[in-house]
Amino acid sequence: MTEVLRRGIPGMKSVKDMPVKQDMPPPGGFPAIRFGRRIANTGPSGAFVFGVGALVIGFGFYKVGQTNLETRALKAEVKAARQTLLPLLQAEEDRRYVEHKKDLDKAEGAIMKGVKNWKVGENVYNNGKWYPPVTSTLPGSTPYS
């Protein structure tokens, strides 16, 4: 092993015989290193950020409240319009039902003309109550065709 590490020095018998080569500072020494805890002011304080956040959230709540008032007013307007139109729509539906009922009674009379004691248009439940007509059983289906 020592023959490989000779480095041009004849007669070296051990690694310990190698000359010591140590890095040293330059003459006069290294320049001084300036260090210190100088943290620059990099932004607003925590209290300022908290205050701005509180103002933004407060303004957001205000806008939500104003939007809720507007929405409530619009819904009340739509409800009033529907309540105003309801009697007209109900009258139209009643007229349509009466015409359909007349057609049904005519068809019932033609179908049941040979049955004794059959009264056309009589309530089939025989309990004396009046039930409103079921005009539609499925969404989108027309009640009277």
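Residues numbered from 1 in each chain as written. Predicted model: local features only at pLDDT ≥ 70, side-chain atom pairs only at ≥ 80, totals over all residues. Heavy atoms only, no water.

Draft legend 1. Region of the structure containing the overall build of the chain. When helices and strands are counted, the chain shows one helix and zero strands. Of all 145 residues assigned to the chain, the portion counted as buried reaches 3%. Of the contacts formed within the chain by residues at least 6 apart in sequence, a portion of 19% connects residues at least 24 apart. Put simply, the chain shows about 13900 Å² of open surface, and 62% of that area lies on carbon and sulfur atoms. (Helix = DSSP H or I, 4+ residues; strand = E, 2+ residues; numbered from the N terminus. Buried < 20%, exposed > 50% of the residue type's maximum accessible area, 1.4 Å probe, protein only. Contact = heavy atoms within 4.5 Å. Areas by Shrake-Rupley, 256 points an atom, 1.4 Å probe, with all protein chains shown as cover.)

Draft legend 2. Region of interest: the pattern of salt bridges. Applying the stated criterion across every chain, the model contains three salt bridges. Across the pair Lys101 and Asp105 runs a salt bridge, and its minimum N-O distance is 3.5 Å. One end of the pair, Lys101, and the other, Asp105, are both in helix 1 (residues 46-111), four residues apart, so they sit about a helical turn from each other. On the accessibility criterion, Lys101 (28% relative accessible area) is partly exposed. The partly exposed category is assigned to Asp105, whose relative accessible area is 22%. Taking the shortest distance from any N to any O, the salt bridge between Lys119 and Glu122 comes out at 3.9 Å. (Salt bridge = Lys/Arg side-chain N within 4 Å of Asp/Glu carboxyl O.)

Draft legend 3. Quick look at the packing of aromatic side chains. Tallying each qualifying case throughout the model produces one aromatic pair. Geometrically, the ring pair formed by Phe59 and Tyr62 is tilted, given 6.5 Å between the ring centres and 35 degrees between the ring planes. Of the two residues, Phe59 and Tyr62 both sit in helix 1, three residues apart, roughly one turn of that helix. The class of Phe59 is exposed, set by a relative accessible area of 52%. (Phe/Tyr/Trp six-rings, centres within 6.5 Å; stacked < 30°, edge-to-face > 60°.)

Draft legend 4. Main features of unusual backbone geometry. With a phi close to 60 degrees, Asn117 is a non-glycine residue in the positive phi region. By the element assignment, Asn117 lies in the segment after helix 1. Judged by relative accessible area, which is 80%, Asn117 ranks as exposed.

Draft legend 5. A look at a nonpolar patch on the surface. Together, Val115, Trp118, Val120, Val124, Tyr125 and Tyr131 line one region of the surface with nonpolar side chains, adding up to about 600 Å² of accessible area. For Tyr131, a relative accessible area of 41% translates into the label partly exposed. (Patch = residues over 30% accessible without salt bridge, like charges linked within 9 Å, V, L, I, M, F, W, Y side chains within 5 Å.)

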